[in-house]
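# Structural overview
One-letter residues, chain by chain:
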Amino acid sequence: MDWPIAEVARMSGVTARTLRHYDEVGLLPPARIGANGHRYYEEHQLLRLQQILVLRALGVGLPEVGRILTEQVDEVDALRGHHLRLLAERDRLDALAGSVSRTIAELEQSRKDGNPVTINRPENLFEGIQPSQYQQSLRDFPGHAEEVARRVAAMTPQDIEAGQRERTMQMILLADLMAVGHPADAAPVQAQIDAQYQAMTELRPVSVEEYRAIGRSCVDNSAWRSAYEAIAPGLAAYQRDAIEAYATTRLS
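Residues numbered from 1 in each chain as written. Predicted model: local features only at pLDDT ≥ 70, side-chain atom pairs only at ≥ 80, totals over all residues. Heavy atoms only, no water.

Okay, helix α3 (residues 43-57) next. The terminal C-alpha atoms of α3, which comprises 15 residues, lie 21 Å apart, in line with the 21 Å expected from a rise of 1.5 Å per residue. Within the sequence span of α3, burial applies to Gln45, Leu49, Ile52 and Leu55. Buried residues of α3 fall within an arc of 125° about the axis and therefore sit on the same side. In α3, the exposed positions that point more than 90 degrees away from the buried face belong to Glu43, Gln50 and Ala57. (Helix = DSSP H or I, 4+ residues; strand = E, 2+ residues; numbered from the N terminus. Expected span 1.5 Å × (residues − 1). Buried < 20%, exposed > 50% of the residue type's maximum accessible area, 1.4 Å probe, protein only. Arc of directions from axis to C-beta.)

Shown next as structure tokens:
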């Protein structure tokens, strides 16, 4: 028995676009492709999809998911690694929650004092910006721009807006950490940068030097700098310095 891609998407809650992407990267080829060009999946593929979704829920990036499934890493060892990831993510979220809470308290106090701290929290900083404009801002990173363009071509307007909102939220969280006085190389800041880096490398591999260059562009690229400074003055340089610290301690 096999199931068409639409039925697998319905059963699993994963979009057909995601299933096609899993096929394109060699993670989940279908059992067969029908004469109509549609993908069909059998029980073996459904079990593999279950493994993929469990690993993704644990925060494992697609490249590592592929490695785990290909190399047949011992299940117990794999689960230990996933458990450590969960603990690290819990600590990251706890740190961010505490940071935001402290920022709120400081904002309230500073307003009472008549000297408010300025951290803008727009719902979507990039609202109205077309994907082509964002890709143009990546002109210094053609490989990344090409991959972004490929992904965007398969996205709905709703997907694009959700991505824009997520990017805005990442910048606000970093601004919160900066506002409460964490240096760029502090653990909570580096945890946030790690989450950004892992998301970026799901698009394509990013070398240490390229990531450093991306960090410098937060200041040197006028469009990027303006976006960061719209959240909080000094945020562009803070992001640059945090990326440099991450590249030095985690990637070198």
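This part is about the sheet that holds strand β2 (residues 32-33). An order of β1-β3-β2 is seen for the three strands of this open sheet, with the pairing classed as antiparallel. Both edges of this open sheet fall to β1 (3-4) and β2, since each of them pairs with a single strand only. Here β2 pairs with strand β3 (residues 39-41) via two bridges, running antiparallel. Across the sheet, the residue bridging to Arg32 is Tyr40, located in β3. (Pairing = 2+ DSSP bridges.)

This next bit is on the side chain of Thr201. Within the element layout of this structure, Thr201 appears in helix α9 (residues 187-201). A distance of 3.1 Å separates a polar side-chain atom of Thr201 from the backbone oxygen of Gln198. For Thr201, the residues in contact, after removing those within four places along its chain, are Pro63 and Val206. (Polar contact = N/O pair within 3.5 Å; in protein donor to acceptor, adjacent residues only side chain to side chain. Contact = heavy atoms within 4.5 Å.)

The contact between α9 and helix α12 (residues 235-251) brings their axes to 10 Å, and the two run at 80°. By the angle class used here, α9 and α12 are roughly perpendicular. Residue-level inspection shows Val189, Gln190, Ile193, Asp194, Gln196, Tyr197 and Gln198 of α9 in contact with α12, the latter providing Tyr238, Gln239, Ala242, Ile243, Ala245, Tyr246, Thr249, Arg250 and Leu251. Among the residues making up the contact of α9 with α12, the classes are represented as nine nonpolar, five polar and two charged. (Axes fitted to C-alpha atoms, helices over the stretch in contact; angles between N-to-C directions. Parallel < 35°, antiparallel > 145°, perpendicular 65-115°, else oblique. Nonpolar A, V, L, I, M, F, W, Y, C, P; charged D, E, K, R; others polar.)

The next subject is the packing of helix α10 (residues 208-220) against α12. Think of two packed helices as two axes; the pair is described by the angle between the axes and how far apart they sit. The N-to-C vectors of α10 and α12 enclose an angle of 165°; their axes lie 7 Å apart at closest approach. Judged by the angle between their axes, α10 and α12 are roughly antiparallel. At the point where α10 passes α12, the crossing takes the left-handed sense. Contacts between α10 and α12 involve Val208, Tyr211, Arg212, Gly215, Arg216, Cys218 and Val219 on the former and, on the latter, Ala236, Ala237, Gln239, Arg240, Ile243, Glu244, Tyr246, Ala247, Thr248 and Leu251. Partitioned by chemical class, the residues of the contact of α10 with α12 number ten nonpolar, three polar and four charged. (Left-handed = near helix turned anticlockwise from the far one by under 90°.)

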